[in-house]
Amino acid sequence: MNTRILVSLALLVGIGAVLHAVIPGIFFGMKPDMMLTMMFLAILLFPDVKAVGLVGIVTGIISALTTNFPGGQIPNIVDKIITAFVVFVIALAVKKYSQTVVSAAVLTAIGTVVSGTVFLTAALLLVGLPGNATFSALFLAVVLPAAVINTIVMVIIYPIASSILKRMNITAHV
């Protein structure tokens, strides 16, 4: 993995970290995870096992450091690593179509739902859900709206990021 790719991954994770930190929790400390959008963008632009592993681990750690969810540190790390590889496998399965805005949007929606499901399951098993919240209530109140928001954001930023990488001559779509 060359330095330009590492710097690009770092920038995407950094942007995601800022977005993750500034968006307030909306339901029992859970918030739409905009960091996922940046992680998915990194996976789509640099579909390499090492890059996916790195971005999944780093995104998980940063999400854990900035979470508002009570006891959400370990579930965040578990969630991001699993989600990164699930999205990577799906992207590889549809590689022929994965370089379009539509496929990026669909992968983002699916990835966000996978992430929310893994996070809530890990939180339920490891620390419990806060208050009287149920899995389905948190899923409906946070995960599904986050999937919609992340998908809209991906539709906007994917063409921009792809264009920038092409102009900078950074090897995208490895």
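Residues numbered from 1 in each chain as written. Predicted model: local features only at pLDDT ≥ 70, side-chain atom pairs only at ≥ 80, totals over all residues. Heavy atoms only, no water.

### Some points on the packing of aromatic side chains
Within the structure shown, the criterion is met by two aromatic pairs. Taking 5.0 Å as the distance between ring centres and 80° as the angle between the ring planes, the aromatic pair formed by Phe 69 and Phe 119 counts as edge-to-face. Here the residue Phe 69 occupies a position in the loop between helix H3 (49-66) and helix H4 (73-93), and Phe 119 occupies one in helix H5 (residues 101-126), the gap between them amounting to 50 residues. As far as burial versus exposure is concerned, Phe 69 and Phe 119 are alike and both buried. Aromatic side chains Phe 135 and Phe 139 sit 6.3 Å apart centroid to centroid with 10° between the ring planes, which places their arrangement in the stacked category. With Phe 135 and Phe 139 both in helix H6 (residues 135-167), this residue pair falls four residues apart, about one helical turn. (Phe/Tyr/Trp six-rings, centres within 6.5 Å; stacked < 30°, edge-to-face > 60°. Helix = DSSP H or I, 4+ residues; strand = E, 2+ residues; numbered from the N terminus. Buried < 20%, exposed > 50% of the residue type's maximum accessible area, 1.4 Å probe, protein only.)

### Side note on the packing of H5 against H6
Taken N-terminus to C-terminus, the directions of H5 and H6 make an angle of 150°; their axes are 8 Å apart at the nearest point. As far as their axial angle goes, H6 and H5 are roughly antiparallel. Two packed elements cross with a definite hand, and for H5 against H6 that hand is right-handed. Partitioned by chemical class, the residues of the contact of H5 with H6 number 17 nonpolar, seven polar and no charged. (Axes fitted to C-alpha atoms, helices over the stretch in contact; angles between N-to-C directions. Parallel < 35°, antiparallel > 145°, perpendicular 65-115°, else oblique. Left-handed = near helix turned anticlockwise from the far one by under 90°. Nonpolar A, V, L, I, M, F, W, Y, C, P; charged D, E, K, R; others polar.)

### Regarding the confidence of the model for the protein chain
Mean pLDDT for the protein chain: 87, with 92% of residues reaching 70 or above. Across the protein chain, element-level confidence peaks in H4 with a mean pLDDT of 95 and bottoms out in helix H1 (residues 3-22) with 86. (pLDDT = per-residue confidence, 0-100.)

### Remarks on the packing of helix H2 (residues 34-45) against H4
For any two helices packed against each other, the geometry comes down to the angle between their axes and how far apart the axes lie. Taken N-terminus to C-terminus, the directions of H2 and H4 make an angle of 40°; their axes are 10 Å apart at the nearest point. One finds that H2 runs oblique with respect to H4. Of the two elements, H2 crosses H4, and the hand of that crossing is right-handed. Residues Leu 36, Met 39, Phe 40, Ile 43 and Leu 44 of H2 lie in contact with H4, whose contacting residues are Lys 80, Thr 83, Ala 84, Val 87, Phe 88 and Ala 91. Partitioning the contact of H2 with H4 into residue classes produces nine nonpolar, one polar and one charged. (Contact = heavy atoms within 4.5 Å.)

### Some details on the pattern of salt bridges
Per the stated rule, a full pass over the model turns up two salt bridges. Put simply, Asp 33 and Lys 80 hold a salt bridge, and the shortest N to O gap is 2.7 Å. One end of the pair, Asp 33, is in the loop between H1 and H2; the other, Lys 80, is in helix H4, with 47 residues separating them in the sequence. The same class applies to Asp 33 and to Lys 80, which are both buried. Where Asp 79 meets Lys 80, a salt bridge forms, and the shortest distance between an N and an O atom there is 2.8 Å. By the burial criterion, Asp 79 is buried, and Lys 80 matches it. Through salt bridges with shared partners, a single ionic network connects Asp 33, Asp 79 and Lys 80. (Salt bridge = Lys/Arg side-chain N within 4 Å of Asp/Glu carboxyl O.)

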